[in-house]
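# Architecture and fold: a report
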Amino acid sequence: MEHQKTAILIFANSSKEEMKHKAIAKDSVLFKKLNQKTLCTVKKAKLPYFVFTEEEQIGHNFGERFTNAIQDIYAMGFDNVITIGNDSPQLTANHLLESAQQLQNNNFVLGPSRDGGFYLMGLHKSHFDKSSFLKLPWQTRELSHCISQIIENKNTEVVLLQTLFDIDDTSDLKKIVNLYHKIGSNLLRIITIILSTQSKDWNPINKQYFTIITARLFNKGSPQLI
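Values in this document were obtained by computation on a predicted structure and should not be read as measured data.

Take the pairing of strand S4 (residues 108–112) next. Judged by how many residues are buried, S4 sits mostly within the fold: 5 of 5 residues are covered. By the alternation rule, side chains of S4 split into Phe108, Leu110 and Pro112 and Val109 and Gly111, which are all buried. By the bridge criterion, 3 bridges tie S4 to strand S6 (residues 158–160) in an arrangement that is parallel. Across the sheet, phenylalanine 108 pairs through a bridge with valine 158, a residue of S6. What sits between the antiparallel neighbours S4 and strand S5 (residues 118–124) is a turn of 5 residues, in which glycine 116 has the positive phi angle 100°.

Per-chain confidence: the chain averages 80 in pLDDT, with 73% of residues scoring 70 or above. Under a pLDDT of 50 for its full length, residues 212–226 has, in the predicted model, 22 contacts with residues more than four places off or in other chains.

If you look at the biggest cluster of nonpolar residues, it comprises 25 residues, and the most contacted ones within it are Leu9 and Met121. Counting residues per element, the ones that place at least two in this core are strand S1 (6–11), helix H3 (62–75), S4, S5 and helix H6 (143–152). Tallying contributions element by element places H3 first for this core, with 5 residues. Setting aside residues no more than four positions away along its own chain, methionine 121 makes contact with Phe66, Ile70, Val81, Ile82, Thr83, Phe108, Val109, Leu110, Phe133 and Ile147. Core analysis: the second largest hydrophobic core is formed by 18 residues, Leu47, Leu91, Ala100 and Val109 among them.

Calculation rules
- Residues numbered from 1 in each chain as written.
- Predicted model: local features only at pLDDT ≥ 70, side-chain atom pairs only at ≥ 80, totals over all residues.
- Heavy atoms only, no water.
- Buried < 20%, exposed > 50% of the residue type's maximum accessible area, 1.4 Å probe, protein only.
- Helix = DSSP H or I, 4+ residues; strand = E, 2+ residues; numbered from the N terminus.
- Pairing = 2+ DSSP bridges.
- pLDDT = per-residue confidence, 0-100.
- Contact = heavy atoms within 4.5 Å.
- Core = buried A, V, L, I, M, F, W, Y, C linked by side-chain atoms within 4.5 Å.

Quick look at the structure:
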């Protein structure tokens, strides 16, 4: 089924910019891989997409930059926008396609993350009110709840996708690494190296376990496509 009026907004900074705000690794390897994986996932959905890095974002704070980016997509003639970041390696093309389908029914879609925010938001232009969005508590644990309240006041059904992890700091990497069968071997390898070298409380038993896991993953012929 085609969703020609639906576009995906990838709102994610470049790896260089991410390094300034997330104290996870001293190099940009992780952030480059997250951006690559996100783009690969989006392409599988075969929907129009637009990438807004720090070069395209306009505003003095996160709320302004994000809200302006959504408005820009509507200004291009799209009726629906599915917004995602680059820090949820569990995200799949099915999440995007399910969101697009729900938007055809004029539902609001939210993919909640474990920290109280969201990894995906799908909204029709009738759901979007710039002044209300600018007032939201962006980058806080109350964000998902507050957005849901705004939409419910419009008598629109809020459809929740499964809750996923996102990556903000080293503690999140420890949670993500347990999902090695869902995030791809290349990304798992990068995360394991970071944890082994930078996390003081990374259990040696876990180090040995994941060394074995990654060794098996990377000795099966061609690398896994992620």
